[in-house]
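Fold and geometry: a report
Residue-level listing of the chains:
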Amino acid sequence: MEEKILRVSPSYEAQYRDGYPLVMEEALTNPGALKEEGEVFRLETKGGDFLGRGYHGRQNKGLGWIVTTKETETIDERLIQKRLIVALGRRGHFFGQEETNLFRLFNGEGDGFGGVLIDYYDRWYVIQFYSRGAYAFKDVFVEAILQNTDAIGVYEKKRFSDGGAYVADDDFVTGTPAPEPLPVKENGMTFASYLNDGAMTGIFLDQRDVRRKVRDELADGRNVLNTFSYTGAFSVAAALGGAATTNIDAANRSREKTIEQFRMNGVDPAAHDIIVDDVFQYLKRSAKREKRWDLVILDPPSFARTKQTTFKASKDYPSLLVSAAAVTETGGYILASTNHGGMTHGRFRKFIKQAAAEADCTFKVESVWSVPEDVVQDDKYPEGSYLKVYLIKKIAEGGASHE
Ligand code: SAH
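Cut-offs and rules
- Residues numbered from 1 in each chain as written.
- Predicted model: local features only at pLDDT ≥ 70, side-chain atom pairs only at ≥ 80, totals over all residues.
- Heavy atoms only, no water.
- Buried < 20%, exposed > 50% of the residue type's maximum accessible area, 1.4 Å probe, protein only.
- Helix = DSSP H or I, 4+ residues; strand = E, 2+ residues; numbered from the N terminus.
- Pairing = 2+ DSSP bridges.
- Axes fitted to C-alpha atoms, helices over the stretch in contact; angles between N-to-C directions.
- Polar contact = N/O pair within 3.5 Å; in protein donor to acceptor, adjacent residues only side chain to side chain.
- Contact = heavy atoms within 4.5 Å.
- Parallel < 35°, antiparallel > 145°, perpendicular 65-115°, else oblique.
- Left-handed = near helix turned anticlockwise from the far one by under 90°.
- Near = heavy atom within 4 Å.
- Areas by Shrake-Rupley, 256 points an atom, 1.4 Å probe, with all protein chains shown as cover.
- Nonpolar A, V, L, I, M, F, W, Y, C, P; charged D, E, K, R; others polar.
- Core = buried A, V, L, I, M, F, W, Y, C linked by side-chain atoms within 4.5 Å.
- Domains from an automatic or database assignment.
- Phe/Tyr/Trp six-rings, centres within 6.5 Å; stacked < 30°, edge-to-face > 60°.
- Buried area = accessible area lost by both parts, 1.4 Å probe.
- Salt bridge = Lys/Arg side-chain N within 4 Å of Asp/Glu carboxyl O.

1. A closer look at the pairing of strand β6 (residues 102-107)
Residues in a regular strand project their side chains so that they alternate between the two faces of the sheet. Counting buried residues in β6 gives six out of six residues, a clear majority hidden from the surface. Direction of pairing for β6 relative to strand β7 (residues 116-121): antiparallel, over a ladder of five bridges. In the strand pairing of β7, Arg104 is matched with Asp119.

Okay, structure coming up:
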């Protein structure tokens, strides 16, 4: 079979020679050559030099991912097996752990195959496909998992509806279905997860290191306000560390979900406030009533619309920080997180500075996190490092400054 050839325009040649894995439409002189998602192509310079071999899949600005830069290597079962085996090897220490059995096993381009993520939920595997093209390799990934792991069952999440949205479906693929809920462990905490209940499973594994910090160092004897609390995972960590928590989420079902997560950990839900409300309204009202917390957790989605408000992290994060500062004790902390891939650390730091000025208080950044080690990165693709979490101490009111 003749291999499809894609040509990179000269102005992008250096970037692809350097190993950039995402094939962007604007980088090609002949993007129209691509027809069917999942088809394999050979990327070349204008002069005909081999740059890499990849597959066609539409994902945001991308038309596909380079999967190998070895000219002799083809994209087939063997290569995918090999990629998975290397990924398994890299996470060897996670498999041996008693206290954690939830982690990212395969992280797309970071593990040499963009558009496909695999998460490990205590011997159940959840594969996320980010394009129809990636989904064309589904059977090969499933087979590779079954052959190389102790999988009890496999689930999938198809994230290639309009704008990368989740395609609602029965997500069970093969093996034995997981119990519902499936309890998973993280640093000795237990979280209820649901592998076949829509786009999300109830727990975001990428905040593992941050939750540990909350439990071990930021919770004891403190009052914690957890905004955008979802199933209350941060509150479980805080409660186990000795805090009283207030949970705010606009979704009705966050209440029962949070109660469930507390119970999984032997925490009495009655000792915590679980409030279904719009975060922005709640912060405003709390400021008026002069309510204060020792730790305010902000973990909003990149974009969210409720009846009352529209929030865009890239624009509205400073005002969220200002509202949070108004209800944070002097000497207390704001834990500010964003998973917005387009937000750089530089921009986020600027937002923090801007918020300090606007709130007229002094902030000090004490810790910074990015994605955890199992969310392995391709250093040629910095956009993959989407998570930014800042622990900010509010050291004084008045005399705005920022260290
Ligand atoms: N912090 C959570 C994850 C947040 S997911 C965790 O650690 O698990 C985003 C949550 O924000 C969703 O549960 C959604 O219902 C909620 N949300 C979005 N916009 C909101 C708003 N304006 N007010 C309150 N909750 C909101």
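2. Considering the sheet that holds strand β10 (residues 172-175)
Taken together, the five strands give an open sheet; going across it, the order is β6-β7-β8-β9-β10, and neighbouring strands pair in mixed fashion. Each end of this open sheet is capped by a strand with a single partner; those strands are β6 and β10. Between one strand axis and the next, the sheet turns through 20° on average, direction left out of account.

3. Some thoughts on the sheet that holds strand β1 (residues 4-7)
Strand order in this open sheet of five strands is β1-β3-β4-β5-β2, and the pairing throughout is mixed. One side of each edge strand has no neighbouring strand; the edge strands of this open sheet are β1 and β2 (22-24). Taken pair by pair, the neighbouring strands of this sheet meet at an average axis angle of 40°, ignoring direction. Relative to strand β4 (residues 50-59), strand β3 (residues 40-44) is paired through five bridges, and the arrangement is antiparallel. For Leu43, the partnering residue across the bridge sits in β4 and is Gly52.

4. Observations regarding the side chain of Thr231
Residue placement: Thr231 occurs in the loop between β13 (223-227) and α7 (233-240). A distance of 2.7 Å separates the side chain of Thr231 from the backbone oxygen of Gly202, its partner in a polar contact. Not counting residues within four places of it along the chain, the set of residues in contact with Thr231 comprises Gly202, Lys257, Thr258 and Gln261.

5. Side note on the packing of helix α10 (residues 313-325) against helix α11 (residues 345-359)
Close contact between α10 and α11 brings their axes to 8 Å; oriented N to C, the two are set at 40°. Here α10 lies oblique to α11, going by the angle between them. Once α10 is placed against α11, the crossing between them reads as right-handed. In contact with Ala313, Ser314, Tyr317, Pro318, Leu321, Val322 and Ala325 of α10, α11 contributes Arg347, Phe348, Phe351, Ile352, Gln354, Ala355, Glu358 and Ala359.

6. Examining the site of the ligand
Residues in close proximity to the ligand total 17 residues, the closest being Phe228, Asp249, Ala250, Val279 and Asp299. One of the backbone N or O atoms of Ala250 is found 3.0 Å from a nitrogen atom in the ligand. Between the ligand and Val279 there is a distance of 2.9 Å, counted from a nitrogen atom to a backbone nitrogen or oxygen. Protein chains shield 90% of the accessible area of the ligand, which is 580 Å² for the free molecule. Looking at the shell around the ligand, its residues break down into 10 nonpolar, three polar and four charged.

7. Thoughts on the side chain of Thr328
Within the secondary structure, Thr328 sits in strand β19 (residues 328-338). Among the polar contacts listed, one links the side chain of Thr328 to the backbone oxygen of Ala324, at a separation of 2.7 Å. Setting aside residues up to four positions removed in sequence, Thr328 forms contacts with Arg292, Trp293, Val296, Tyr333, Ile334, Lys394 and Glu397.

8. A look at unusual backbone geometry
The omega torsion across Glu180 and Pro181 is 0°, close enough to zero to call that bond cis. Along the chain, Pro181 falls in the loop between β10 and β11 (182-186). Even without a glycine there, the phi angle at Asp122 is positive, about 40°. By secondary structure assignment, the location of Asp122 is in the loop between β7 and β8 (124-129). Judged by its relative accessible area of 16%, Asp122 falls in the buried class.

9. Comments concerning the nonpolar core
Counting 46 residues, the largest nonpolar core has Tyr16, Leu43, Phe113, Val116, Ile118, Ile127 and Phe141 as its most contacted members. Of the domains in this structure, domain 1 (4-68) and domain 2 (77-186) are the two that each give at least three residues to this core. Those residues in contact with Ile127 that sit more than four places away from it in its chain are Val116, Leu117, Ile118, Phe141, Val142, Ile145, Val154, Tyr155, Glu156 and Lys157.

10. Details of the packing of aromatic side chains
Enumeration over the complete set of coordinates arrives at 24 aromatic pairs. Relative to Phe172, the ring of Tyr155 has its centre 5.3 Å away and its plane inclined at 65°; by these criteria the two rings are edge-to-face. In this pair, Tyr155 sits in strand β9 (residues 153-158) while Phe172 sits in strand β10, placing the two residues 17 residues apart along the sequence. According to the relative accessible area criterion, Phe172 is partly exposed, its value standing at 27%.

11. Side note on the domain arrangement of the protein chain
Parsing the protein chain into structural domains produces domain 1 (4-68), domain 2 (77-186) and domain 3 (204-402). A straight line from the C-alpha centre of domain 1 to that of domain 3 covers 39 Å. Taken together, the six residues of domain 1 in the interface contact four residues of domain 3. Buried surface at the junction of domain 1 and domain 3, summed over both partners, amounts to about 420 Å²; 55% is from carbon and sulfur atoms. Considering only the surface of domain 1 that becomes buried against domain 3, Asp18, Tyr20 and Pro21 emerge as the three largest contributors, covering 71% of it. One can count one salt bridge joining domain 1 with domain 3.

12. Examining the pattern of salt bridges
Opposite charge on two side chains allows them to pair when their charged atoms are near. If you walk through the whole model with that rule in mind, you get 27 salt bridges. Note that Asp374 and Arg208 form a salt bridge whose closest N and O atoms lie 2.7 Å from each other. Taken together, the residues Asp374 in the loop between β20 (361-369) and β21 (388-397) and Arg208 in helix α6 (residues 208-218) connect sequence positions 166 residues apart. Relative accessible area serves as the criterion here: at 1%, Asp374 is assigned to the buried category. One network of salt bridges, with partners in common, ties together Arg7, Arg42, Glu44 and Glu71.

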